[in-house]
Amino acid sequence: MKRPGPLLTLLAGLVLGVFLLSLNAATGTRTASADQKNPPGATVSPAAPGASASPSSPDPSSPSPRSSPSSSPSSSPTVRPVPDADYAGRTDDDSSAVAVSLRDGKAIAYFCDGHDKESWLKGDVGSDGAMKLTGRDGAELNGTLKDGRRIRGTVDLGGRRSGFTADRAVKPSGLYRATSTVRGAKIDGGWIVLPGGKQVGVVDRDGTPSKAPAIDPETGAVTIDGRKIVARPVTP
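Residues numbered from 1 in each chain as written. Predicted model: local features only at pLDDT ≥ 70, side-chain atom pairs only at ≥ 80, totals over all residues. Heavy atoms only, no water.

## Focus: the overall build of the protein chain
Counted only if it meets this: By definition, any uninterrupted DSSP run of H or I lasting at least four residues is a helix, any uninterrupted run of E lasting at least two residues is a strand, and each is numbered from the N terminus. In this scheme, a residue with accessible area under 20% of its type's maximum is buried, one over 50% is exposed, and one in between is partly exposed, where area comes from a 1.4 Å probe on protein chains only. Should any heavy atoms of two residues lie within 4.5 Å, those residues are counted as being in contact.
In terms of helices and strands, the protein chain carries one helix and 15 strands. Burial status across the protein chain gives 31% buried among its 236 residues. Taking as baseline every contact in the protein chain between residues at least 6 positions apart, the subset at least 24 positions apart corresponds to 38%.

And the structure:
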């Protein structure tokens, strides 16, 4: 059998060498590419499930959403107490006088006929100016403050009802009272100084009422049974 010649053997070796050289070049290119993506010592973190590639930041130029203004409940109107003041006037039949002193939502009143009937009454005043004052022996005063200028109402005393109107008083008009002991008798006197200066009052001596002497409206000084005492303005 005829053996291949040296030329054919050399040609076959040359082809094999070219093939191996091409194979090594291709393998080196793939390895270098992989090394560039994952350099030695680098750790590749797997993506978290459901995580987006990059969080979207809000656009500073876009207006921030505003919450719709909540409708706040309407505030309740401020309730103001009735003003502090004094009131004095007469009954509708002009037989008696009534005076009322208001302070901090409280009221004290005095009713007298200037002879032998009198009553001290007290109680609260509502924000609407309504008042119901009570005194001894079932005495009762019901009234309403009108525009801060006058009190209109009724007084029930001894089974008799009397309507009255008391206008706002300016000093020295108003309500005065004096208590003391004179010659062993307990003195309790009440005075109503009406607008214009007229006075109506009763002095009780140990439970016996009688017409009161006039007081000095500027000082409150009054002489009872020879002794000088002082009547002072009355407030609740």
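## Overview of the nonpolar core
The condition is simple: Residues belong to one nonpolar core when they are buried, are Ala, Val, Leu, Ile, Met, Phe, Trp, Tyr or Cys, and are joined through side-chain atoms within 4.5 Å.
Residues Val100, Leu102, Met131 and Leu141 are the most contacted members of the largest nonpolar core, which totals 20 residues. Those elements that provide at least two residues to this core are strand 1 (85–91), strand 2 (97–103), strand 3 (106–112), strand 5 (130–135), strand 6 (140–146), strand 7 (150–157) and strand 8 (160–168). In contact with leucine 141, other than residues within four places in its own chain, are Val98, Ala109, Leu121, Met131, Lys132, Leu133, Thr154, Val155 and Phe164.

## What about the sheet that holds strand 9 (residues 174–182)?
Worth spelling out the cut-off: Two strands form a pair only when DSSP identifies at least two bridges running between them.
Strand order in this open sheet of five strands is 12-11-10-9-15, and the pairing throughout is antiparallel. Every interior strand has two partners, whereas the edge strands, strand 12 (208–211) and strand 15 (232–233), have only one. When strand 9 meets strand 15, the two strands line up antiparallel, connected through two bridges. Paired with arginine 177 across the strands is arginine 232, a residue of strand 15.

## Looking at the pairing of strand 1
Looking along a regular strand, one sees side chains alternate from face to face of the sheet. Counting buried residues along strand 1, six of its seven residues qualify, which places the element largely inside the surrounding structure. Two successive antiparallel strands, strand 1 and strand 2, enclose a turn made up of five residues, where aspartate 94 displays a positive phi of approximately 65 degrees. In this structure, strand 1 lies alongside strand 8, joined through five bridges in antiparallel fashion. From the neighbouring strand, alanine 88 faces strand 8, where its bridge partner is aspartate 167.

## Section: the sheet that holds strand 1
Put simply, the rule is: Here, axes are lines fitted to C-alpha atoms. For helices the fit covers the stretch in contact, and angles between N-to-C directions go from 0 to 180 degrees.
Pairing within the closed barrel is antiparallel, and its eight strands lie in the order 1-2-3-4-5-6-7-8. Taken over all neighbouring pairs, the strand axes of this sheet differ in orientation by 25 degrees on average, direction set aside. Inspection of the sheet shows strand 6 paired to strand 7 by seven bridges, in the antiparallel sense. Each residue of the ladder has a partner; that of leucine 145, found in strand 7, is isoleucine 151.

## A short note on the pattern of salt bridges
Keep this limit in mind: What makes a salt bridge here is a side-chain nitrogen of Lys or Arg within 4 Å of a carboxyl oxygen of Asp or Glu, nothing more.
For the structure on display, the rule yields twelve salt bridges. Among the ionic pairs, arginine 152 bridges to aspartate 92, the shortest N-O distance being 2.8 Å. Of this pair, arginine 152 sits in strand 7 while aspartate 92 sits in the loop between strand 1 and strand 2, and the two are 60 residues apart along the sequence. Overall, arginine 152 belongs to the partly exposed group, its relative accessible area being 36%.

## Quick word on the side chain of serine 101
Applied cut-off: Under the rule applied, a polar contact is a pair of N or O atoms within 3.5 Å (in protein, one hydrogen donor and one hydrogen acceptor; residues adjacent in sequence only if both atoms are side-chain atoms).
Positionally, serine 101 belongs in strand 2. Under the relative-accessibility criterion, serine 101 is labelled buried at 0%. A polar atom in the side chain of serine 101 sits 3.1 Å from the backbone oxygen of valine 234.

## Structural notes on the packing of aromatic side chains
The test is simple: Paired rings are identified among Phe, Tyr and Trp, the last through its six-membered ring, by centres lying within 6.5 Å, and are further divided according to the angle between planes into stacked (under 30 degrees), edge-to-face (over 60) and tilted (the rest). Note on criteria: charge over ring means Lys NZ or Arg CZ within 6 Å of the ring centre, with the direction from the centre no more than 35 degrees off the ring normal.
In total, this model carries one aromatic pair according to the counting rule given. Geometry around tyrosine 176 places lysine 171 over its ring, the cationic atom sitting 5.5 Å from the centre. One cation-aromatic arrangement involves arginine 177 over tryptophan 120; the distance from NZ or CZ to the ring centre is 4.1 Å.

## Digging into the pairing of strand 9
Pairing between strand 9 and strand 10 (residues 185–193): nine bridges, direction antiparallel. Looking at strand 10, one finds that glycine 174 is bridged to valine 193.

## Some words on the environment of serine 96
Checked against the element boundaries, serine 96 lands in the loop between strand 1 and strand 2. Owing to a relative accessible area of 5%, serine 96 belongs among the buried residues under this scheme. Separated by 17 residues in sequence, serine 96 and aspartate 113 place their C-alpha atoms 4.1 Å apart. When neighbours within four sequence positions are excluded, serine 96 is seen to be in contact with Arg90, Thr91, Phe111, Cys112 and Asp113. In terms of polar contacts, serine 96 uses its side chain to reach the side chain of serine 95, at 3.5 Å.

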